[in-house]
Amino acid sequence: MPFNIALSGIRAANSDLRITGNNIANASTTGFKESRAQFGDVYSTSVLGSGINQVGSGVRTQNIAQQFTQGNISFTDNVLDLAVSGTGYFVTSLNGEQMFTRAGTFSVDRDGYMVNNINSRLQGYTTNTNGNINNVLGDVQIQTTSIEPQTTTLVETAVNLDSSESVIQSTGTQYISAGGTAAANANGYTAQTLVITNPTGGTVNVNSALNDNSLTTANSLNNLAGVTATTQATATISAWTSGLGVTINGATLTNTSIGQATVDEITALPGLTATLGVGTINIASIIGDLIFGVVGSGAASDEILTVVGPTGGTQTLEVDGAVDNTTVGNLPVSGSFTGTTTTALLDQSSSGRFIGGTATIATNISGAGATDHDFTITVDGVASAANISLPVANYGSYAAMATALQAAINADANISGVSVRYDTDHFVFTSSTTGTSSAVTLAAVGTDANTLGIAGGTAVTGNTSITVGGIMTLQLDDGYTLTDTSATPIFSNAPTTFINNAFDPVDPNTYNHSTSVTIYDSLGNSHIMQQFFIKQPETATTIPNHWQMVVRVDGRDVGDPVITAPTIPTAATYNLYFDANGAFDSVQSDDILISNWVPYNTDGTQVFGALQPNNQSNSGALPIPFPPTSSNFQILLTDSSQNSSNFEVRAVDQDGTATGRLASLNVDDNGIIFARFTNGENRALAQVALANFPSSQGLQPLGDTSWAQTSESGEPAIGTPGTASLGLIQSGALEESNVELSEQLVNLIIAQRNFQASAKTIETADQITQTIINLR
């Protein structure tokens, strides 16, 4: 019947209209795939077949085929918007049900999981505790919490050391004096005759007279070939009494106060510089010793000028009120002293130099008539049985004088329980009964008034003469020797080897190259580790291409302590060697383990609670355990070289981190999701999984641009983007619907025409039927 044929055409056209309308409706749906109606003709059949001249019975819809062609990629501002460029589907899970989609509109829920608009969780490969991606498929979760700090356990540095650099260090011989002769002269030394011999056999005599205030003179030392002799001295004035006249290098100051006016006046003097510190004036002489003098004002009381050495040692000068004009000797301050010294210095670049050592101050109690000094003492109301007598002597130090005072007091029949000690610039007498000095009263006897500056309880030392002795050091470059022909040699100790131009981290002239890197303690505090490279000299017996590396952290030494000083870090020094081709020789070079790093704060206080070092003398060794149990860390320079080219740092890396908060996310082409934290750390969190099917046409649409697996689609092949036939991931982008509107509008016209034509068939068949019915 033509009616049925026409009806099948109407039904087919209606399906076509519905499919086309659905395509048009989803033209803006992310990840939507258009559908296409597929039709087939219908023929009636019987047991005997349909015959070759069979008239068709109409049309039927065979299939609604989805078109899985690639849609256009549009870009967004959301890094979690993902698009698949190529084949493959995102894998999601909703309450355990696995689904597949091309719509990558993902976001993070409150638990950190990546979900789409129907809260279906994105599936991917998660990472293990080491940050490596494993092959276990699961929900992708973004870590939003802060990451814990990690102490540095490994520093890798790749540098090139310039092989054409010159050796800036040399060895020499060091002579240390046995100390000044106590009663020899006003300077504490006898007349000296030193003979210095140069490598070619040339000699020069260095002499000092009995009244010579300086052991060496520039003129005599300059006669030695290759030697330049200069003197330099520094001092700090910390206090003087009002109105006290002061002379420096023979010039009398008009300003005598701790202030800028005095600094300006000193600076104006030839060869002197001065700066104002906190309650001090710091003076440096660039042409010779600092010679201090004091001019008495004629007042009845003593007046005192205190000069402080570089390490805090002091000399206190007193002008007795009865003396109108007194000059108290030369008091140069140079080198590293606990007190002051009269030694001159040779320039550090010369072949011989006098440097300061630990000096002692020999205090000679002379007084009026050079007799013993007498005083009485009263303790808790009990007076001494007789005068306490302090013999005339050069005691060598104030501590020795305190011991002599203690012995003199202990010898008195009436006094007991009094202790004596020297504190900075005065003696303190303490009663053991009261524990204070207020119950102790001292009184000078006769001509000894003011000799000790005695006042009730605490006595300030007044020195009518000051002598300087102590330990001095003479250093000669390699090839130079010293012969001390003095009657009483002061350099009687055996000489030792020293390093000329020895490493000093604040002096760039003492090392060839340096670099630094930030490292972290176990609490996440940052610290600066410095590496200093020093080229070493080569001889016939040494290994060539030798460098030393010194490591410091926050400006502090981090080498293991020695037995004699178990709490003091040493310089962390390591030997580096390179082969003839300039490659790093890891066999000859030292293993570099920093095993004495104590973390400090920027204010100089120790970081309490952080991991502490484990010295190699205990059990510190390589490899460093994980997780770390100490602040120890290793340094590798495996990729370093020594070539004739400029010093350069090719690479530097370390594995420590501070505490970090999540700053941003990034997804690469392979679907790996990286998290960047505020501490600069980048970590892989997961890798997005993609799936592909043998027959995408067999997938069952579930709505929300999702599909489900069926027996017709086959099993999904799930893998990582960019592998096998799977496409790549585009982050910050979405795949648009693949519907082409112009094409769909044309299809709409065609479907409408087909519908109208089938309807016309029914109309025509109806007219024929009416004609047949109307036959009579």
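Residues numbered from 1 in each chain as written. Predicted model: local features only at pLDDT ≥ 70, side-chain atom pairs only at ≥ 80, totals over all residues. Heavy atoms only, no water.

A.B. asks: Any details on the nonpolar core? Residues and values, ideally.
C.D. replies: In this structure, I594 and I635 are the most contacted members of the largest nonpolar core, which totals 23 residues. Residues within four places of I594 in sequence aside, it is in contact with V551, V558, A572, Y574, N632, F633 and I635. (Core = buried A, V, L, I, M, F, W, Y, C linked by side-chain atoms within 4.5 Å. Buried < 20%, exposed > 50% of the residue type's maximum accessible area, 1.4 Å probe, protein only. Contact = heavy atoms within 4.5 Å.)

A.B. asks: How would you sum up the pairing of strand β37 (residues 526–535)? Please name residues and give values.
C.D. replies: Here β37 lies mainly inside the structure; seven of its ten residues are buried. Relative to β37, strand β36 (residues 513–520) runs antiparallel, the two sharing eight bridges. Considered in β37, the bridge of V517 is made with M529. Where β36 hands over to β37, the hairpin turn is made up of five residues, of which G524 adopts a positive phi near 90°. (Helix = DSSP H or I, 4+ residues; strand = E, 2+ residues; numbered from the N terminus. Pairing = 2+ DSSP bridges.)

A.B. asks: I'd love a proper account of the layout of surface pockets, names of residues and values included.
C.D. replies: In this model, the largest pocket occupies a volume close to 610 Å³. For the lining of the largest pocket, a count of residues per class yields five nonpolar, eleven polar and five charged. Considering only enclosed or pocket space, the second largest pocket measures out at about 320 Å³ in volume. For the second largest pocket, the lining is made up of 17 residues, of which N22, F32, S35, Q66 and P701 are closest to its centre. Among the secondary structure elements, those contributing two or more residues to the lining of the second largest pocket are α1 (2–25), β2 (56–66), β49 (700–703) and β50 (706–708). Looking at the lining of the second largest pocket, the element that brings in the most residues is α1, giving five residues. Residues that form the lining of the second largest pocket fall into these classes: six nonpolar, nine polar and two charged. (1 Å grid on protein atoms, 1.4 Å probe; cavity = no way out; pocket = protein on both sides within 12 Å on 5 of 7 lines; lining within 4 Å. Points joined across faces, edges and corners; volume = space filled by probe spheres on them. Nonpolar A, V, L, I, M, F, W, Y, C, P; charged D, E, K, R; others polar.)

A.B. asks: Can you break down the packing of α1 against helix α5 (residues 741–773) residue by residue, with the values?
C.D. replies: The interhelical angle for the contact between α1 and α5, taken along N-to-C directions, is 160°, at an axis separation of 8 Å. One way to sum up the angle between α1 and α5 is to call them roughly antiparallel. α5 is crossed by α1, and the crossing has left-handed handedness. When the residues that make up the contact of α1 with α5 are grouped by side-chain class, the tally is 16 nonpolar, eleven polar and two charged. (Axes fitted to C-alpha atoms, helices over the stretch in contact; angles between N-to-C directions. Parallel < 35°, antiparallel > 145°, perpendicular 65-115°, else oblique. Left-handed = near helix turned anticlockwise from the far one by under 90°.)

A.B. asks: Give me the side chain of S641: which residues, what numbers.
C.D. replies: With respect to the helices, strands and loops of the structure, S641 is situated in strand β43 (residues 641–643). Side chain to side chain, S641 and R650 meet in a polar contact 2.9 Å long. Setting aside its immediate chain neighbours within four residues, S641 contacts V159, N160, L161, F578, G582 and R650. (Polar contact = N/O pair within 3.5 Å; in protein donor to acceptor, adjacent residues only side chain to side chain.)

A.B. asks: Any details on the side chain of S120? Residues and values, ideally.
C.D. replies: Looking at the secondary structure, you find S120 in the loop between β8 (114–115) and β9 (121–127). Within polar-contact distance, the side chain of S120 engages the side chain of T92 at 3.0 Å. At 3.2 Å, the side chain of S120 and the backbone nitrogen of S93 are in polar contact. Setting aside its immediate chain neighbours within four residues, S120 contacts T92, S93, L94, M99, M114 and V115.

A.B. asks: Can you break down the confidence of the model for the protein residue by residue, with the values?
C.D. replies: Averaged over every residue, the pLDDT of the protein is 75; residues scoring 70 or more account for 70%. Per-element averaging of pLDDT across the protein places strand β32 (residues 467–468) at the bottom with 28 and strand β42 (residues 633–636) at the top with 97. Confidence drops under pLDDT 50 across residues 309–313; counting only partners more than four residues distant or on other chains, this segment forms twelve contacts. (pLDDT = per-residue confidence, 0-100.)

A.B. asks: Give me α5: which residues, what numbers.
C.D. replies: Side chains three or four residues apart in an α-helix point the same way, a direct result of the helix having 3.6 residues per turn. Its 33 residues place the ends of α5 48 Å apart at the C-alpha level, agreeing with the 48 Å of an ideal helix rising 1.5 Å per residue. The elements touched by buried residues of α5 are α1. (Expected span 1.5 Å × (residues − 1).)

A.B. asks: Go over the pattern of salt bridges with me, naming the residues and quoting the values.
C.D. replies: Scanning all chains against the criterion turns up six salt bridges. In this structure, E735 engages K33 in a salt bridge whose closest nitrogen and oxygen atoms are separated by 2.5 Å. Separated by 702 residues along the polypeptide, E735 in strand β53 (residues 733–735) and K33 in the loop between α1 and β1 (35–43) bring together distant segments of the chain. The partner of D557 in a salt bridge is R552, and the shortest N-O contact between them spans 2.8 Å. Classification of D557 as partly exposed rests on a relative accessible area of 27%. Judged by relative accessible area, R552 falls into the buried class, the value being 12%. (Salt bridge = Lys/Arg side-chain N within 4 Å of Asp/Glu carboxyl O.)

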